[in-house]
Amino acid sequence: MNNDAMPIAVRVNRAVLAAVALGVLAPLGGALLARRGDLALLLALAGAGWIAMRTWQPAWPVSAGALWLIATLLVFAGSAGVGGGWLLVGMTAALCAWDLDALHAQMRGAHIANGALLWRLHWQRLALVATVALLLGGLALAVTLRLNFATMFVLALIALAVAGTIIRRLLDDLPPD
Amino acid sequence: MNPNADHVEAAGRALRLAMLAGALLLIGLALVNPAVSVLAIPALVFLAAALLRRPAGAGTLHLQRIVGKPTIRSQGESAVTLTLTNHGDMLERVYVSDPSAGQLALVSGEAQALAALAPGATLELRYVLRAPRGAHPLLPVTLVGGETLGLFPWQIALEDGARLTALPEAERVREVAIRPLTTRGFAGPIIARRSGSGTDFFGVREYRMGDALRHVNWRALARHGDQPYTTEFSQEQIADVGLVLDVRAQQDFVVAGQSLLERAIQATAGMAEVLLAEGHRVALLQYGIGSYVPAGYGRLQRNRIFYSLAETGSTPLRAFYSLKWLPTQLFPPRSQMIFISPLMTDEYTMLFRLRAVGYTVAVVSPDPVAFEAAALDPRDPLTAPAIRLARIERQLQIRKLQAGGITVVNWDVRGDLNQSLQRVLRPALLAPPLVRGGR
């Protein structure tokens, strides 16, 4: 790694740590406010584990597993009455950490050319996406819709169809073994 | 990093993200809990943003790989320059990698890079590769790119047909003393056993009109007094030499990562070099892969032989399992043949047959016993008797060949080939010729 690339990699690494911290601390705060110390403890352990595993650098994708773990804990937190806003911030930050960690992994061991431009483009796009996600999520939390069972059923079918289409396209994109 | 794995990983990331969004949505709907359903929104926004910025491919990228020295010596180094130019829109993230650096040895520089390329910008990678003997087609350069979030990558492998050929190291040989039964009509180093313009004494005959005065034998004139005599010199000519390198799998022998075949190749290269430098017409047959370099002279032939040796390797082809299928018609009758083989199997009837039909046969044999003995544990009580038995067996084999009129150079590969050749081939030259005359 050349000299001008080193600060970029370090900067990305710090951004990952900050995002992990935010992804854990936001729902943790919500859990504490909802008096769910057990959930807060689990979230703290998940965050510490994520950071520790990143340092260890095992062969399997740590961040993907950590993201799923955090998401699972957020679902439990949502069911336990933790405020939706905390969870939304936690989920968005966890996704940012997952994305930044992938960038950091790609930087590891490679020469980085135009590192400043690469990093600027990345964080600008990420910040935009995170802001949009928070705004849309916040809007969805603020708006209250009363749906009957039939509407719910139709919406669920639409959601399944959209998710199925996306998954099928992504599977088609995977290169053959 | 393996770009292919990176591509699979990146595509897998998008899939995992879609599955996460779907799962959160379904769980939220099932629990009728809006706080859980809303968790799917960030994941969906990430996916949508990546889909919107999904690039079509790398159509506007121009990549060039220049190999500084396409031909090097074995374990030599060659500088490679990889230039990637973006002729299209802003490329937010591209990973370029030359997998050849993993296949060969990367000595210095960077053979993989991650970059953002502005329109018209160029990324240049300079690195130095080291290659062992062989013809190495360089692997296609891999480009993995995509939008900033890296969820929908494209990957291309650019094949440019670049090659790096590492020629074998030639053993240092100063002379290969040979004496075939026939020579060719051009001046060279082999005494042709007929009078001519050489330097070695051939005989004395009566003076004829036109003989140079400096060749008049004054002693003979003084002794006989009646008529002058002329001293004749032996003509020196070049010869046809056929090198036969035994590359059959059963003759290859690897000990501690070192191959005996590699040393045989180096010996062949050294002998070819010196024989061609002396002006001989040299052909090379690699028995085992059927590779044949027809007879030729000079530097061009040297290059042909070296390139052929660069590509060689042992092979278990059944067609060449036995020596009895050696295609003798490739070599001129009564010429010199040098068979390079460790003699690890006892089936050399063909060599005797060659000798019988008039070829002058010499065997240069890298010694497999000494080669393996050097790697054995001397503290093992079985080592010493085992080596002794193997040496006895080899000596018997060599004597059998020598008894058949074949000159055998038993070369301990830890030592100097030149000395081994001098020790055996020089005395062989002093033996009386079996047949007189030349072509």
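Residues numbered from 1 in each chain as written. Chains lettered and ligands numbered in written order. Predicted model: local features only at pLDDT ≥ 70, side-chain atom pairs only at ≥ 80, totals over all residues. Heavy atoms only, no water.

## A few points about the pattern of salt bridges
Residues and elements named next belong to chain B. Formally: Between Lys or Arg on one side and Asp or Glu on the other, a salt bridge is scored when a side-chain nitrogen of the former is within 4 Å of a carboxyl oxygen of the latter. Comment: elements are numbered from the N terminus, with helices defined as DSSP H or I runs of at least four residues and strands as E runs of at least two. The cut-offs for exposure are 20% and 50% of the maximum accessible area for each residue type, with area from a 1.4 Å probe on protein chains only; residues under the lower value are buried, those over the upper are exposed, and the others partly exposed.
According to the stated counting rule, one finds 17 salt bridges over all chains in the structure shown. With a closest N to O distance of 2.5 Å, Arg263 and Glu171 form a salt bridge. Taken together, the residues Arg263 in helix α6 (residues 260-277) and Glu171 in the loop between β11 (163-167) and β12 (187-206) connect sequence positions 92 residues apart. In this structure, Arg263 and Glu171 share a single accessibility class: buried. Note that Asp246 and Arg248 form a salt bridge whose closest N and O atoms lie 2.8 Å from each other. Of the two residues, Asp246 and Arg248, both sit in the buried class. Put simply, Arg65, Asp98 and Asp160 are held in one network by salt bridges that share partners.

## Brief notes about helix α3 (residues 40-52) of chain B
What counts, and what does not: Expected helix span is taken as 1.5 Å per residue step, with the number of steps being one fewer than the number of residues.
The terminal C-alpha atoms of α3 of chain B, which comprises 13 residues, lie 18 Å apart, in line with the 18 Å expected from a rise of 1.5 Å per residue. Listing the buried residues of α3 of chain B in full gives Ala40, Ile41, Pro42, Ala43, Val45, Phe46, Leu47, Ala49 and Ala50 of chain B.

## Details of the sheet that holds strand β7 (residues 122-131) of chain B
Within a sheet, neighbouring strands are paired by backbone hydrogen bonds and run either parallel or antiparallel to one another. All names here are of chain B. Rule in force here: Note: two strands are recorded as paired if DSSP finds a minimum of 2 bridges between them. Interaxial angle, 0 to 180 degrees, is taken between N-to-C directions of lines fitted to C-alpha atoms, where a helix line uses only the stretch in contact.
Strand order in the open sheet formed by 4 strands is β1-β3-β7-β5, with antiparallel pairing between adjacent strands. Among the strands making up the open sheet, the edge pair consists of β1 (61-67) and β5 (105-109). Within this sheet the neighbouring strands show an average axis-to-axis angle of 25 degrees, counted without direction.

## What about the interface of chain A and chain B?
Note the threshold: In what follows, a contact means two residues having at least one pair of non-hydrogen atoms within 4.5 Å. When two parts are put together, the accessible area they lose, computed with a 1.4 Å probe and summed over both, is reported as buried area. Contacts described as polar in this section are N or O atom pairs within 3.5 Å, which, within protein, must combine one atom able to donate a hydrogen with one able to accept it, while residues neighboring in sequence count only if both atoms come from side chains.
Tallying the contact residues gives 55 residues for chain A and 54 residues for chain B. Summed over both sides, the interface of chain A with chain B buries roughly 4,800 Å², with 77% coming from carbon and sulfur. When the area that chain A buries against chain B is broken down by residue, the three leading residues are Trp68, Gln106 and Arg125 of chain A, summing to 14%. Where chain A touches chain B, the interface holds 1 salt bridge. Across the pair Arg125 of chain A and Glu92 of chain B runs a salt bridge, and its minimum N-O distance is 3.3 Å. Linking chain A with chain B are 7 residue pairs in polar contact (both at pLDDT 80 or more). Broken down by secondary-structure element, the contributors of at least two residues to the side of chain A that touches chain B are α3 (62-79), α4 (84-107), β1 (111-113), α5 (115-142) and α6 (149-173) of chain A. At 14 residues, the largest contribution of residues to the side of chain A that touches chain B is made by α4 of chain A.

## Thoughts on a nonpolar patch on the surface
Put simply, the rule reads: Patch rule: a residue counts if its relative accessible area is over 30% and it has no salt bridge; like charges are joined within 9 Å, and nonpolar side chains (Val, Leu, Ile, Met, Phe, Trp, Tyr) within 5 Å. The method behind every accessible area is Shrake-Rupley, applied with a 1.4 Å probe, and residues are considered shielded solely by the protein chains displayed.
On the surface, a nonpolar cluster with roughly 970 Å² of combined accessible area is contributed by Leu128, Val132, Leu136, Leu139, Val143, Leu145, Leu147, Val154, Leu155, Ile158 and Val162 of chain A. Taken together, the elements giving at least two residues each to the nonpolar patch come down to α5 and α6 of chain A.

## Digging into the packing of aromatic side chains
Residues and elements named next belong to chain B. Condition: Classification of ring pairs rests on two measures: the distance between centres of Phe, Tyr or Trp rings, Trp counted by its six-membered ring, which must be within 6.5 Å, and the angle between planes, read as stacked under 30 degrees, edge-to-face over 60 and tilted in between. As a reminder, the over-ring test applies to NZ of lysine and CZ of arginine, requiring each to be within 6 Å of the ring centre and within 35 degrees of the ring normal.
Applying the stated criterion to the full structure yields 2 aromatic pairs over all chains. Ring centres 6.1 Å apart and planes at 55 degrees place the aromatic pair Phe253 and Phe371 in the tilted group. Of the two residues, Phe253 sits in the loop between β14 (240-246) and β15 (254-255) while Phe371 sits in helix α9 (residues 368-373), which places them 118 residues apart along the sequence. Arranged with centres 6.3 Å apart and planes meeting at 90 degrees, the rings of Tyr292 and Phe331 form a pair that is edge-to-face. In this pair, Tyr292 is assigned in strand β18 (residues 291-296) and Phe331 in the loop between α7 (298-310) and β19 (336-340), connecting sequence segments 39 residues apart. Of the residues examined, Tyr292 reaches a relative accessible area of 28% and is grouped as partly exposed. One Lys or Arg, Arg302, reaches over the ring of Phe306 and ends 4.2 Å from the middle of that ring.

Just distances and angles here, no functional claims.
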